[in-house]
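# Summary of the model geometry
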Amino acid sequence: MKKSIIALSLLPVLSGLAGCNDKQASVTAAIHQQHQQAAAAVYAASKGLESAVTTMCASPSEETLEASRSAWQTLMQDWMVLQGREKGSEEALSLSWQIQFWPDKKDITGRKMEQLLAQQKNWTARELADQSVAVQGVGAMEWLLYGNPERLNQPYGCELATAIGQRLMQSGDALERAWKDNPWQAMTPQLALGEYLGALTNQLDFAMKKLTLPMGKPGHPRPYQAESWRSQTSLANLKANVQAMQALYLAEGNGLDALLRAKGETAMAERLTDKFRNVLADWPQSPGMGAMLKSKDGYRELISLYNDLESIRFTLHDEVSQALGIVVGFNATDGD
């Protein structure tokens, strides 16, 4: 009889645990699916870039150059979804610098590219894998397509572009494979939730760093510290970051927004949803930061953008974490 009473008294507890586990499973499954889809998009875009560059080198023209630039921008936009999150698959995280070497405060990319071309040899993707990561990724390709397109018509230039394209395709393939398994599936609900919020705050911190580095101090901007300054697409990239964060926060009804509402924190959820929506609606028209850094009005607009992102960061870090009982851990961008 006592055993029956104990068993009955445990039913609500077990039911609660089952409900918690079900919710945990739906959240981690939704987040993992987002990462899987993003990695697949990066791989597809890397194949598109490799194909465009191969075509350009076989038939050099303004049209094929522009097609390669367009393919490069597609890859950048897809990569922005995962850039800076620093949570999840360890194999995927290990590929980050290989795909994009940034920040590049001393223009290591430019110097290393010059060194490769000075060796006057036809580089291959396999040989690039043994070189600096600065020459293996999107920054190296940007250096050729935007910064130094004349080098594509000189000996060994197009061969190097082709090798970089093939290397990026290899990295994209490895990235997609790395996200096949769900790294959060076996975690406790709270640990998985901490990883989720950590991925979001890490990406936001990284995005804000992409603003502060080129902004420097008022009156003393550093435009060459901007991401993708050669193609003048730094703000377009940053917008893609914020759109990805918005999608990660919502997770198609299975994310932090839903968890806050389930906790009765509807006002907080609405406020954060509005902040994401408003910052994107008021986004600067310029695709790059260069021109904006040169004018007072442009600089003020960038300050306003930073403040909007800082407001989102405060809400996530100080309010959402407290409401959901999450401890936000170490951020890989701290101290840089």
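The structure contained in this document is the topic of the report that follows.

Cut-offs and rules
- Residues numbered from 1 in each chain as written.
- Predicted model: local features only at pLDDT ≥ 70, side-chain atom pairs only at ≥ 80, totals over all residues.
- Heavy atoms only, no water.
- Helix = DSSP H or I, 4+ residues; strand = E, 2+ residues; numbered from the N terminus.
- Buried < 20%, exposed > 50% of the residue type's maximum accessible area, 1.4 Å probe, protein only.
- Contact = heavy atoms within 4.5 Å.
- Expected span 1.5 Å × (residues − 1).
- Bend = angle between axes of the 7 residues up to and from the residue.
- Axes fitted to C-alpha atoms, helices over the stretch in contact; angles between N-to-C directions.
- Parallel < 35°, antiparallel > 145°, perpendicular 65-115°, else oblique.
- Left-handed = near helix turned anticlockwise from the far one by under 90°.
- Nonpolar A, V, L, I, M, F, W, Y, C, P; charged D, E, K, R; others polar.
- Core = buried A, V, L, I, M, F, W, Y, C linked by side-chain atoms within 4.5 Å.
- Phe/Tyr/Trp six-rings, centres within 6.5 Å; stacked < 30°, edge-to-face > 60°.
- Lys NZ or Arg CZ within 6 Å of the ring centre and 35° of its normal.
- Polar contact = N/O pair within 3.5 Å; in protein donor to acceptor, adjacent residues only side chain to side chain.

Before going further, it helps to spend a moment on the side chain of Gln34. Here Gln34 lies in helix H1 (residues 2-58). Its relative accessible area of 17% is what places Gln34 among the buried residues. Discounting chain neighbours no more than four positions away, the residues touching Gln34 are Ala247, Leu248 and Ala251.

To continue, consider unusual backbone geometry. Across the junction of Trp102 and Pro103, the peptide omega takes the value 5°, indicating a cis bond. Residue position: Pro103 is located in the loop between helix H4 (96-99) and helix H5 (108-118). Positioned with a positive phi, Glu86 is a non-glycine residue whose angle comes to about 55°. Looking at the element boundaries, Glu86 is found in the loop between helix H2 (62-79) and helix H3 (90-93).

With 28 residues, helix H14 (residues 296-323) should cover 40 Å at 1.5 Å per step; its first-to-last C-alpha distance of 39 Å lies within 8% of that length. Of all the bends found along H14, the most pronounced is centred on Leu316 and spans about 30°. All buried positions along H14 are accounted for by Gly298, Tyr299, Leu302, Leu305, Leu309, Ile312, Thr315, Leu316, Val320, Ser321 and Ala323. Tucked inside the fold, the buried residues of H14 contact helix H9 (189-215), helix H10 (234-250), helix H11 (256-262), helix H12 (266-281) and helix H13 (290-293).

Contact pair helix H7 (residues 138-147) / helix H8 (residues 157-178): the axes reach a minimum separation of 10 Å and the direction vectors enclose 150°. Classified by the angle their axes make, H7 and H8 are roughly antiparallel. Considering how the two elements wind past one another, H7 and H8 form a crossing that is left-handed. From H7, Val138, Ala140, Met141 and Leu144 reach across to H8, where they touch Gly157, Leu160, Ala161, Ile164, Gly165 and Leu168. Partitioned by chemical class, the residues of the contact of H7 with H8 number 8 nonpolar, 2 polar and no charged.

Another point: the nonpolar core. By size, the foremost hydrophobic cluster in this structure holds 88 residues, and its most contacted members are Leu160, Ile164, Leu175, Leu256 and Leu316. Not counting chain neighbours up to four residues away, the residues in contact with Leu160 comprise Met113, Leu116, Leu117, Trp123, Leu128 and Leu144.

Scanning the model with the defined rule gives 6 aromatic pairs in all. Relative to Trp184, the ring of Trp179 lies with its centre 5.7 Å away and its plane at 40°, an arrangement referred to as tilted. Here Trp179 and Trp184 have matching classes, each one buried. Over the aromatic face of Tyr43 sits the side chain of Lys47, whose NZ or CZ is 4.6 Å from the ring centroid. The ring of Tyr146 has Arg69 sitting right over it, with the charged end atom 4.9 Å from the ring centre.

As for its placement among the helices and strands, Thr273 is situated in helix H12. By relative accessible area, which is 12% here, Thr273 ends up buried. Put simply, Thr273 and Ile312 are 39 residues apart on the chain and 9.6 Å apart in space, counted from C-alpha to C-alpha. Side-chain polar atoms of Thr273 contact the backbone oxygen of Ala269, separated by 2.8 Å.

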